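Now for the letters of each chain:
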Amino acid sequence: MSDLTIFAPLAGWVTPLAQVPDAVFAEKMLGDGIAIDPVNDALCAPCDATVLTVHEAGHAVTLRSTAGFELICHIGIDTVSLGGRGLTPQVEAGAKVLAGQPLIRFDLDYLVQNAPAVVTPIIVADATLYGVEPIASGVVAIGDPLLRVVPLAAEAGEAQASGETLVEETVVALSHGLHARPAARLVEAVRRHEAQVTLYHGDRHASALSAVGLLGLGLGHGATVRIEANGPQAAAALAEVIAFLNDATVEEGPREAPEPTRGEGPGLGGVPAAPGLAVGPIHRLTRAAIPVETVAGSPETERQKLTDALTHVREALVLAAAAGGARGGVMAAHGAMLADPTLSEAAIAGVGRGLSAGVAWQEAIAEQVAVLMSSGDRRIAERADDLRDLERHVLAALAGLPIEGPSVPAGAVLVAEDLLPSQVAALDAGVVAGIALVKGGPTSHAAILAAGMGLPMAVAFGDSLAALEDGRTIILDADRGLIDPEPDAAAQVQARETIARRKAEMEAARAAQGPCRTADGTRIEMFANLGSVADAEAAVAEGAEGCGLLRTEFLFLERATAPTRDEQARDYQAIADALGDRPMIIRLLDVGGDKPAPYMDLPVEENPALGLRGIRVSLADPQLLEDQIGAILAVRQPCRIMAPMVASLSELEAVRAVVERQGGHLGHRAEVGVMIETPAAAISADILARKADFFSIGTNDLTQYTLAMDRGNAAVAAGVDGLHPAVLRLIGTTCDGAAKHDTPVGVCGSLAADRLAVPILLGLGVTELSVPPARVAAIKALVGKLDLARCRTVAGEAMELPSAAAVRAHITQMLQEIGA
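Residues numbered from 1 in each chain as written. Predicted model: local features only at pLDDT ≥ 70, side-chain atom pairs only at ≥ 80, totals over all residues. Heavy atoms only, no water.

Asker: Can you tell me about the overall build of the chain, naming the residues and giving the values?
Answerer: Looking only at helices and strands, the chain has 29 helices and 34 strands in total. Every one of the 820 residues in the chain was classed for burial, and the buried ones make up 51%. Taking contacts inside the chain between residues at least 6 apart in sequence as the whole, the part at least 24 apart equals 71%. For the chain, the computed accessible surface area is about 32,900 Å², with 52% contributed by carbon and sulfur atoms. (Helix = DSSP H or I, 4+ residues; strand = E, 2+ residues; numbered from the N terminus. Buried < 20%, exposed > 50% of the residue type's maximum accessible area, 1.4 Å probe, protein only. Contact = heavy atoms within 4.5 Å. Areas by Shrake-Rupley, 256 points an atom, 1.4 Å probe, with all protein chains shown as cover.)

Pasting the structure below:
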């Protein structure tokens, strides 16, 4: 038999089984195959086949192809627990289907909000008879070749029947019945015994070594099943099957996921994301469905409705963008997307085909989402969320509903499954007390935006947070990632007093004119991370003494061509003017990885985080590097130049050579420093310090590379905590290496804004902190309460602790002792 082909049953991102956040699939207990993270709303047949089963929860289907192999298609992870909500089967058992025919339609938005993951495994069930060879990678459309199925020589099967047949009946206790995950685990258990085991239910039966066969029995919770076992180890196999089916606690089995670095202490444990303390009632954010009129009037009527709705939304976005700030930036981006004629023309064309305005708009958005998702560019694909936001805004306008962001009562703690950056940007930081998420990651864009707004935020609390009712007063300690779900009156008073004291200290620090110093007089430079003139103005207002990190990506991304030298110089000069005579550290272009520029011919990489990014990109494009350094040196005020993602002395020397060459032309000299973001740079800091004028530690990337956890991967992001002792040891190594050559060390990553990290950083030898403008006053106030000798002691103690959570608990106690 020749190799056989399975076609993509979904549109989306191809994902290896090993990366599916569920051990049953990742360890191939059900068989080999591949997975797709979907962007459409229907699971289609991957080949010509007969439908064997459709699970009663509507989340999974099994098929037998016309070539004889059996398939399991399982939409999402833990979707069985949804009880069919958001899932609508289109076929029944026994139906014959053709490749591409819809099998199950689903509400993708609902699944994303209510399931741990929507990644969908496609499994060839019998690994003893068939192997698979992936054909596709990256983004696929429905019908694209996905896998080759390769028949194998049959292995020895189950034990031959011999001797007495043992028979028992039992009742299935598994709360969701025998679905894919427990079926796979049952097969694994039976394989350990030399026995032939068959399960009978009604007029159907299946071997206990066939996961597909077991699924076909339709064994729901409470079903009675007869089990027959034969062979040398029949009794042991029978006993294990009965014990398994009777034990509801083992139904789900383990799902492989890294253990998050959760807070320690009473109450609910999550992961710190944006520092601060909050107390207030829970306000749960739910995304209400927007009614869509599906019956169309005349084309002229529907066209006018759509035009009016687009105008209404466009005007609202212009007003929101004019307000500036984080929300203004997001709304301006939405406005630019809405102005794209591709969207409006596609929707108008749909109206011309007889669709209602709402349905035509939905179709136009869906088409553009598919285009973005098929780009192969992760950054471009992420813009699909903005399109989905626009979809809701226009549909709301058509329905006569308001299109404002989340409405949160004053003083409430916002609780949600997860939040998009646009949702965070739409919040009023003066109204919302804090944010707590069931899911989410601590280094997500939403978390970074919350930190910049001064909103306390903690994430990854799990189902324990989801179970808390609206209106319940809680205390959110986002510094440690803890929630007290039942604070008594005294605890609430204490929390409010702490919040008021910190606010007063911030006001005092903001008003203070002198430089930032510790309680014992040690000078610590208090800088701000910037990305625009508005950021610079806000930083100065907050008391920042300079810019510790100017992100220059804002000039290079979201455009079709690279900025000219003159364009760059004008923008750098404008920010320098806003800072006055304060120092400014400009980071050279840091693209690649999750920040590609569309006009750069960067290769598609299997692991972009370990590929061409940071300074490697600039060194690969000499003219780009020459232009940027020339533009920086043209600024009238002296600037410091920082190279990102340096891993070796040769990279630093190459940058310095360009600076000296361009400086010679302009008659300028600039300090050249290194951003310490890789373990290699931290370990060899003493070598880099020979040629570096300064160091600045980027703790976000240093943490992900040290812990081998991608901070952009939702499956592991909850474990990314820069206070992990391994990260602290590398920071200490950096400071020790720098000290050998009197090279100053700053921190511009998120740890600099984390009040629990600051005492450790200062104790390790850091002399400059660069934080979001909104955190300048708070961190300056904290530094003023710290004694450097005590910081050195506590830093040494922290590096000996076993976990980030233990470090956070230890520092919390230290700060409480000094009234901070």
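After that view of the structure, there is still more to cover.
Asker: Talk me through the nonpolar core; I want residue IDs and the actual numbers.
Answerer: Counting residues in hydrophobic clusters, the biggest one holds 94 residues, and the most contacted among them are Phe-695, Ile-731 and Leu-769. Setting aside chain neighbours within four positions, we find Leu-769 in contact with Ile-524, Glu-525, Met-526, Phe-527, Val-747, Ala-752, Val-758, Leu-761, Leu-762, Ile-779 and Val-783. With 41 residues, the next largest nonpolar core counts Leu-174, Leu-178, Ala-237 and Ile-242 among its residues. (Core = buried A, V, L, I, M, F, W, Y, C linked by side-chain atoms within 4.5 Å.)

Asker: Give me the lowdown on the pairing of strand β16 (residues 196–201), citing residues and values where you can.
Answerer: Bridge count between β16 and strand β18 (residues 224–230): five bridges; the pairing is antiparallel. Bridging from a neighbouring strand, Tyr-200 pairs with Arg-226 of β18. The antiparallel hairpin formed by β16 and strand β17 (residues 204–207) contains two residues in its connecting segment, where Gly-202 sits at a positive phi of about 60°. (Pairing = 2+ DSSP bridges.)

Asker: Lay out the pattern of salt bridges in plain terms, naming residues and giving numbers.
Answerer: The tally for this structure, following the rule as stated, stands at 28 salt bridges. In this structure, a network of salt bridges that share partners links the residues Glu-469, Arg-472 and Glu-486. (Salt bridge = Lys/Arg side-chain N within 4 Å of Asp/Glu carboxyl O.)

Asker: Would you mind going over the sheet that holds strand β14 (residues 145–151) in detail, with residue names and values included?
Answerer: With antiparallel pairing, three strands are arranged side by side in an open sheet as β1-β14-β12. Both edges of this open sheet fall to β1 (4–7) and β12 (130–134), since each of them pairs with a single strand only. Across the sheet, the mean angle separating the axes of adjacent strands is 30° when strand polarity is ignored. Alignment of β1 against β14, held across four bridges, turns out to be antiparallel. Bridge pairing links Leu-4 to Val-149 in β14. (Axes fitted to C-alpha atoms, helices over the stretch in contact; angles between N-to-C directions.)

Asker: Hey, could you go over helix α5 (residues 234–246) for me, with residue numbers and the actual values?
Answerer: For α5, spanning 13 residues, the distance from its first C-alpha to its last is 18 Å, which sits close to the expected 18 Å at 1.5 Å a residue. For α5, every residue scored as buried is listed here: Ala-234, Ala-237, Leu-238, Val-241, Ile-242, Phe-244 and Leu-245. Across the axial projection of α5, the buried residues extend over an arc of 160°, all falling on one side. (Expected span 1.5 Å × (residues − 1). Arc of directions from axis to C-beta.)

Asker: Can you lay out the confidence of the model for the chain for me, pointing to particular residues and giving the numbers?
Answerer: With 86% of its residues at a pLDDT of 70 or more, the chain shows a mean pLDDT of 83. Taken together, the stretch residues 251–265 has pLDDT below 50 and engages in 57 contacts with residues farther than four places along the chain or on a different chain. Every residue in residues 375–382 scores below 50 in pLDDT, and together they form 20 contacts with partners more than four places removed in sequence or on other chains. (pLDDT = per-residue confidence, 0-100.)

Asker: How would you explain the packing of helix α28 (residues 788–798) against helix α29 (residues 804–817) if you had to name every residue and give the values?
Answerer: Where α28 meets α29, the closest approach of the two axes is 10 Å, and the angle between their N-to-C directions is 160°. Considered as vectors, α28 and α29 are oriented roughly antiparallel to each other. In the crossing of α28 with α29, the sense of the turn from one axis to the other is right-handed. Contacts between α28 and α29 involve Arg-790, Val-794, Glu-797 and Ala-798 from the former and Val-807, His-810, Ile-811, Met-814 and Glu-817 from the latter. Considering only residue class, the contact of α28 with α29 consists of five nonpolar, one polar and three charged. (Parallel < 35°, antiparallel > 145°, perpendicular 65-115°, else oblique. Left-handed = near helix turned anticlockwise from the far one by under 90°. Nonpolar A, V, L, I, M, F, W, Y, C, P; charged D, E, K, R; others polar.)

Asker: Tell me what's going on with the environment of Gly-86, and back it up with residues and numbers.
Answerer: Inspection of the secondary structure assignment puts Gly-86 in the loop between β7 (70–74) and β8 (87–89). For Gly-86, a relative accessible area of 26% gives the class partly exposed. For the pair Gly-86 and Asn-114, spaced 28 residues apart in sequence, the C-alpha separation works out to 9.5 Å. Residues within four places of Gly-86 in sequence aside, it is in contact with Arg-105, Phe-106, Asp-107, Tyr-110 and Leu-111.

Asker: Give a description of the sheet that holds strand β15 (residues 166–171) that names residues and reports values.
Answerer: Sheet strands line up and pair through hydrogen bonds in the backbone, either parallel or antiparallel. With respect to topology, four strands assemble into an open sheet ordered β15-β18-β16-β17, the strand pairing being antiparallel. At either margin of the open sheet sits one strand with a lone partner, and together these are β15 and β17. The sheet shows a mean angle of 25° between the axes of neighbouring strands, direction not considered. Pairing between β16 and β17: four bridges, direction antiparallel. Residue pairing across strands places His-201 opposite Arg-204, the latter belonging to β17. Relative to the sheet, α5 contacts β15, β16 and β18, its axis offset from that of β15 by approximately 5°.

Asker: Explain the side chain of Glu-626 residue by residue, including any values.
Answerer: In this structure, Glu-626 sits in helix α20 (residues 622–633). Glu-626 has contacts with Arg-565, Val-658, Arg-661 and Gln-662, leaving out every residue within four places of it along the chain.

Asker: Account for helix α16 (residues 533–542), with residues named and values stated.
Answerer: Listed in full, the buried residues belonging to α16 are Ala-536, Ala-539 and Glu-542. Buried residues of α16 fall within an arc of 125° about the axis and therefore sit on the same side. The elements touched by buried residues of α16 are α15 (489–511), β27 (525–530), α18 (565–579) and α27 (776–783). Residue Ser-532 occupies the N-cap position of α16, its side-chain oxygen lying 3.4 Å from the main-chain nitrogen of Ala-534. Gly-543, located one to two residues past α16, shows a positive phi value of around 95°. (Polar contact = N/O pair within 3.5 Å; in protein donor to acceptor, adjacent residues only side chain to side chain.)

Asker: So what's going on with the packing of α18 against α20? Residues and values would help.
Answerer: In contact at an axis separation of 8 Å, α18 and α20 are set at 35° when each is read in the N-to-C sense. Helix-helix and strand crossings are classified by hand; for α18 and α20 the assignment is right-handed. Between α18 and α20, the contacting residues are Arg-565, Gln-568, Ala-569 and Tyr-572 on the first element and Glu-626, Asp-627, Gln-628, Gly-630, Ala-631 and Ile-632 on the second.

Asker: Summarise the side chain of Asp-721; cite the residues concerned and give the values.
Answerer: Along the chain, Asp-721 falls in the loop between α24 (699–707) and α25 (725–739). A polar atom in the side chain of Asp-721 sits 2.9 Å from the backbone nitrogen of Leu-723. Of the polar contacts made by the side chain of Asp-721, one reaches the side chain of Arg-808; its length is 3.0 Å.

Asker: A description of the environment of Ile-290 should follow, citing residues and the corresponding values.
Answerer: By the secondary structure assignment, Ile-290 is in the loop between β21 (277–284) and α6 (299–322). For Ile-290, a relative accessible area of 17% gives the class buried. Expressed as a C-alpha distance, the spacing of Ile-290 and Leu-401, which sit 111 residues apart in the sequence, is 8.5 Å. With residues up to four places along the chain from it excluded, the contact list for Ile-290 reads Arg-392, Leu-395, Ala-396, Ala-399 and Leu-401.

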